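# Residue-level structural notes
Listed here are the chains, written in short residue letters.
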Amino acid sequence: MMNKTARDEIMALVRSGTAAQVVDSGAEMVSFDADEKLREDDRKTLIADFRRYAAQEAATSERVAGANDVPQAITRYLRQLELPLQVLAAGEIISGGVDWGLADELEILNRPIRPDGDTVVTGCYAGLAEAGAIVTVSSAHFANELQFLAATHIVVVPVERIFADYEGLWSVVSREFAAGMPRSMNWIVGPSRTADLGVPSKLGAHGPARVHLLVVGG
Amino acid sequence: MQTTSKHFRAQAREALANETLQASLEGVRRVMPEIRAAAADRCDDFAALCTQAKDVRQHSIDHLDQLLATFEQQVVAAGGQVHWARTGEEATQIIADLCASVDCRSIIKSKSMVSEEIELNSALESAGYEVTETDLGEYIIQLRGEKPSHILAPSLHVSLAEVGEAFNAKHGIERDAPPTDAGEMLLEARAVLREKFLSADVGITGANFLVAETGGVVVVTNEGNADLSMSLPDTHIVVTGIEKVVRSLVDTGVLLRVLARSAIGERLSNYTTFVHGPRQEGEISGPRGFHVVLVDNGRSQLLGTGFRDMLRCIRCSACLNHCPVYTAVGGHAYGSVYSGPMGAILTPAFAGLPGTVHLPGASTLCGRCESICPVGIPLVKLLRRWREASHAQSLPTAGERFGLACWRLVNRWPLVYRLVTKFGVILVRSLSVPGTGQQRWLKRLPSFTALWTQHRDIPAPAGNSFQAQWRRHRAGRKS
Amino acid sequence: MFLARIELLPANESAKTVALFATCLVDLFQPEVGFAAVRLLEAAGFDVRVPDQGCCGQPNFNGGDQDGARQIAAGLIRQFAGYDYVVAPSGSCAAMVRCHYPVLFADDQELERSAVELAQKTWELTSFLVDVAGYDIGSAALDASVTYHDSCSGLRELGIREQPRQLLSSVAGIELREMEQPDACCGFGGLFCVKYPDVADRIGSVKTDSICAVGADYVAAGDVGCLMQIEGKLHRLGEKKIKVVHVAEILAKALLNVSRKDSPGSVDADD
């Protein structure tokens, strides 16, 4: 370390400080037991909560039956908003499950993102029903900054990856990333916003002004 | 930490006369308690969530040494570096050196109260770097050369028109008049800052929490500016206080549940990021350098004192929003980057009591802050504890100390109280004027006491005390 | 110093004794609140005594003068020993005794024991009437609208929220109207309003704005400190329609309306 003395000095102070008042609250690791085998009606509530809480944060969402319905759903959504039928598709979403050949009118762009104005389609690692949030993780296949540079972010959320609460996510994370955490894990609920230019909050502060969730399956 | 807290009285008067600020504060006063209460009510048992959050933070504080050591180990394992700074100056020096080592020209920053505390921007600017704040509120006050007036909404005191004027003055866009439309200003700021994001060499963020078990850094925003700050530049520097570390990812979830609800009445802020180290093998983006600067700056010394509980603070700002004093005068009156009840406790700890004695003094001790603190900090007790320290160091005015000494003498024995108050009342009543019925009023007091009657009347004491009347009444009953 | 107790004759041999801790603000500024409290306590069947007394020591305690607070507290503990209950028409002074006296004497076992003993039998007036005495105000009546301001210490240190409202709403004819944020501080704060009068005034204005917006006949509170702050501001504003009263006064007044109809005499009914 560059300045070992500072480290040692701080650690010594911290040690004597913690020792000075041993008031161990006895608070133990919060235990969790994510029930992964949800009943069908639980699953329905989960999806409903996920969509409702996302909507409260100004995200839009729709249910689609299967992965191959995704291109049509994207086309419909963009057309409705009169946006160009062009998207950048990032991450596993390109390879995983979706047959992009079914997207007749939808153009999958193969170029770097422009400073502003692009629509980006991504998959996600998980959905959090508790907060209506999606969770993405950076990887060799997914440059996570795309979802912040986009003007519109469309997220494909497989229903089987929607967890009831944070604890449910962490139990899966601790298994699937046992070897080490991804560089960046992003929880995103709704579009970017700011309250610094008066009430009500304005959408699209730095990140996307629109977040649309395609909830697939279930 | 530099403060102007010794001028609290004058700063408060200025704030009370500032109509723009007062309009914003009225908004805080009316809206924020309501939305926090609504968010709490939507939970099955918000009090239980707060108890969990308190336990998580208490565990952190009780095991700070172990958690910091684990955190450091895990950051290094993930390919990052940890730097330790005893003081603010040490921290700014470390960061300036890091910038120099990567041949940096421009820096982008997301909002960090620790960076305000250590006055990072001015240090980096005087080292020759261009620093751009990217949280819109923080950007606005940077353009105006001001300090934050709220720990979460730093530009709370600035009107929309003033934002337009600042943009007009600094953005170099030719036009007839400053922008007035919020949507237009948002797009303008977005465009200006987008360019800064794409060209910056170093991104500096704070941290809401550090995760010991994984070496993770958790950053929460609503704008998404921290995510751009930490994913676009080639170097990411995190600057934060040593007390922010918690045990596990599960623990952060517990804290996140109460943070947004307490701060803005939402379930979760829009962006919550868990970042672990620099770009990983195979990745085509992400910073190559990842540094965490852990700042002590007085924190470790609070551990062994009666102010230890304050280290649980998660900077949600609910105590500011519920404080009658903060919502009357705003943050600048405190003369410190930390304001409201949490600021009145932290500022004397970081900057010394002699220059900041007004801050714990200027509280009604109403306890509303304590009743809504999501991590159960006994704020009233801690404010009073500073008052005890200030009394012990003879910091209050001679008048105040004399008054308390007299009051102590008068009230030790009821007979003394009876005699002294009898003559006191006669004296005070001689200054009063008649009102309706029996009531007399003090409307204009002389000399240094005149301030008390500047804005309000004070009911004059009654001619005969309750005890005197009671004695007569009882004597009458008996006969 | 026990003279006061000896000179009093018990009104009712079997009744439990309540020592009224009038508090210094009531004693010096609003004696009528003390008499109202006596009327209510006697109506609830208690034998009310008034030991010689001064302040509870709160100004010193909150001013950081722990020694001073200890000295004053020791005197008060002595004066109020030996009664069944101690009742104060003030949430803030009752909280001082209940919550803070016991921790003041951590270094003095004997005084600590007495402090704890006193703390356990000390109550704020409305919570005593409702929670301890189970007092039913019966057929008391008053045609008036009332808005109630929650005094901070009573609310947050003693949990007094429902009791005064329950008493007020059980009076026939009283219409209780809530103001915006009744739990927001009035800006009194003891020494605070003396040291920072400008800030205290602004906080007070916010409170009086909420009070005026309700447009009730009365604004009631459980602490004379708050009442002085609110009344002083309203008086300066020239607001004459809203009467500022202690909750004990309005209840005692309602009681009087009935006792005039139903039975002869009021306070002195037991003579």
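Keep in mind that this is a model prediction, so the values were computed, not measured.

Scoring rules and cut-offs
For every chain, the first residue of its written sequence is number 1, and the numbers climb from 1 along that sequence. Chain A is the first chain written and ligand 1 is the first ligand written, with later ones labelled in order. This being a predicted model, a pLDDT of at least 70 is required before a residue's local features are given, and a value of 80 or more before pairs of side-chain atoms are given or counted; all residues contribute to the totals for chains, interfaces and linings. Just so you know, side-chain values use all the structure's heavy atoms and leave hydrogens and water out. In short, DSSP must find at least two bridges between two strands for them to pair. In DSSP terms, a helix is any run of H or I states spanning at least four residues, a strand is any run of E spanning at least two, and both are numbered starting from the N terminus. To get an axis, fit a line to the C-alpha atoms, keeping to the stretch in contact for a helix; angles then go from 0 to 180 degrees between the N-to-C directions. We call two residues contacting when some pair of their heavy atoms lies within 4.5 Å. Three labels apply to residues, based on accessible area from a 1.4 Å probe with only protein chains included: buried if under 20% of the type maximum, exposed if over 50%, partly exposed otherwise in between. As used in this structure description, the phrase polar contact means that two N or O atoms lie within 3.5 Å; if the pair is within protein, one of them must be able to donate a hydrogen and the other to accept it, and residues adjacent in sequence are counted only when both atoms belong to side chains. The pLDDT value tells you how sure the predictor is about a given residue, anywhere from 0 up to 100. Per the annotation, domain bounds derive from an automatic or database assignment of domains. Note on ring pairs: Phe, Tyr and Trp rings are taken, using the six-membered ring of Trp, and paired if centres are within 6.5 Å. Classes follow the plane angle, with under 30 degrees stacked, over 60 edge-to-face and the rest tilted. A 1.4 Å probe defines the accessible area here, and the buried area is the portion of it lost by two parts on being joined, summed over both. When a carboxyl oxygen of Asp or Glu lies within 4 Å of a side-chain nitrogen of Lys or Arg, that pair is called a salt bridge. Amino acids are sorted into nonpolar (Ala, Val, Leu, Ile, Met, Phe, Trp, Tyr, Cys and Pro), charged (Asp, Glu, Lys and Arg) and polar (every other residue, Gly among them).

Residue and element names in this part refer to chain A. Pairing is parallel in the open sheet, where six strands are placed in the order β1-β12-β7-β4-β2-β3. Strands with a single pairing partner mark the edges of an open sheet, and in this sheet they are β1 (60-64) and β3 (107-109). Averaged over all adjacent pairs, the angle separating strand axes in this sheet is 30°, with direction ignored. As defined by bridge partners, β1 adjoins strand β12 (residues 210-216) across five bridges and the pair is classed as parallel. When the bridges of β12 are listed, S61 appears paired with L213. Contacts between helix α2 (residues 40-56) and the sheet are confined to β1, β7 (152-158) and β12, with β12 contributing the most and set at about 170° to the helix.

Before going further, it helps to examine helix α8 (residues 136-144) of chain B. Residues spaced three or four apart along an α-helix face the same direction, because each turn holds 3.6 residues. Burial analysis of α8(B) places seven of its nine residues in the buried class, which makes it a mostly covered element. For α8(B), the set of buried residues is B:L136, B:G137, B:E138, B:Y139, B:I140, B:I141 and B:L143. Of the surrounding elements, those touching the buried residues of α8(B) are β10 (193-194) of chain A together with α6 (113-117), β3 (130-133), α9 (160-170) and α10 (182-199) of chain B. For α8(B), the N-terminal capping position is held by B:D135, with its side-chain oxygen 3.1 Å away from the main-chain nitrogen of B:G137.

Next up on the list: the confidence of the model for chain A. Detailed reading of the predicted coordinates is not advisable wherever pLDDT falls low. Residues and elements named next belong to chain A. When pLDDT is averaged along chain A, the result is 87; 87% of the residues meet or exceed 70. Ranking the elements of chain A by mean pLDDT puts helix α1 (residues 4-20) last, at 89, and strand β9 (residues 184-188) first, at 98. In the model, residues 22-36 has pLDDT below 50 throughout and makes 26 contacts with residues more than four positions away in sequence or in other chains.

Turning next to the domain arrangement of chain B. A common way to state how big an interface is: give the accessible area lost once the parts meet. What the domain assignment reports for chain B is domain 1 (43-300) and domain 2 (398-478). Relative placement of domain 1 of chain B and domain 2 of chain B: their C-alpha centres are 54 Å apart.

Time to look at the packing of aromatic side chains. The tally for this structure, following the rule as stated, stands at 20 aromatic pairs over all chains. For the ring pair B:F307 and B:W386, a centre distance of 4.1 Å and an interplane angle of 20° mean the geometry is stacked. With B:F307 in the loop between α13 (299-303) and α14 (318-321) and B:W386 in helix α19 (residues 379-392), this pair connects stretches of sequence that are 79 residues apart. With relative accessibility at 9%, the residue B:F307 sits in the buried group. With 5.0 Å between their ring centres and 70° between their planes, B:F466 and C:F35 make a pair best called edge-to-face. With B:F466 in helix α22 (residues 466-478) and C:F35 in helix α3 (residues 31-43), the pair connects residues from two separate chains. Grouping residues by exposure puts B:F466 and C:F35 together as buried. Taken together through their ring pairs, the aromatic side chains of B:F8, B:Y326, B:Y334, C:F192 and C:Y196 make up a single cluster.

Opposite the 65 residues of chain B that make contact, chain C presents 73 residues. Taken together, the two surfaces of chain B and chain C that pack against each other cover about 6600 Å², and 57% of this comes from carbon and sulfur. Area buried by chain B at its contact with chain C is led by B:R456, B:F466 and B:R477, which between them contribute 12% of it. Inspection of the region where chain B meets chain C yields nine salt bridges. B:R471 is paired through a salt bridge with C:D52; the nearest N and O atoms lie 3.6 Å apart. One can count 35 residue pairs in polar contact (both at pLDDT 80 or more) joining chain B with chain C. Sorting elements by how many residues they give to the side of chain B that touches chain C places α22(B) first, with nine residues. Its residues assigned to classes, the side of chain B that touches chain C comprises 28 nonpolar, 18 polar and 19 charged.

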